[in-house]
Amino acid sequence: MEWSCDDEVISRTRLRHFTSRADALSYLKCRGSISYALGSKYWGKGIVTKAVKMVVPIVFKEFPDVERVEGLVVVDNKASQRVLEKA
């Protein structure tokens, strides 16, 4: 495994720990959020697009009250915008 940040990657991450499914549901309410970071040598290979396409349906299945999953991207990051568009 490699560190996800390198000189080409700038990211903000937020880690939340939940002790139970009820805690997670209480936090999520009706919307979830998604974020991702990938080392630059792996960019352009469809890895993040595939991962997002795999995880989003699981979120809706596991948390039926979630109505939408949101992702925020930097305006200049066209590749990340495409990931969200494809998902």
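Keep in mind it's a predicted model, so treat the numbers as computed, not measured.

(A) Here's a closer look at the overall build of the protein. When its secondary structure is counted, the protein shows three helices and two strands. When the elements of the protein are put in sequence order from the N terminus, they spell out α-β-α-β-α. Looking at the 87 residues of the protein, the share that counts as buried comes to 16%.

(B) Quick look at the nonpolar core. If you look at the biggest cluster of nonpolar residues, it comprises five residues: Ile34, Val48, Val52, Val56 and Val83. Residue contributions to this core peak at three residues, all from helix H2 (residues 47-62).

(C) Broad picture of the pairing of strand S2 (residues 68-71). With four bridges joining them, strand S1 (residues 31-34) and S2 adopt parallel strand pairing. Following the sheet pairing, Ser33 is matched in S2 by Glu70. Crossover S1 to S2 through H2 is right-handed.

Rules behind the numbers
- Residues numbered from 1 in each chain as written.
- Predicted model: local features only at pLDDT ≥ 70, side-chain atom pairs only at ≥ 80, totals over all residues.
- Heavy atoms only, no water.
- Helix = DSSP H or I, 4+ residues; strand = E, 2+ residues; numbered from the N terminus.
- Buried < 20%, exposed > 50% of the residue type's maximum accessible area, 1.4 Å probe, protein only.
- Core = buried A, V, L, I, M, F, W, Y, C linked by side-chain atoms within 4.5 Å.
- Pairing = 2+ DSSP bridges.
- Right-handed = clockwise from strand over helix to strand, strands pointing away.

Take it as geometry only, folks, not as evidence of what the structure does.
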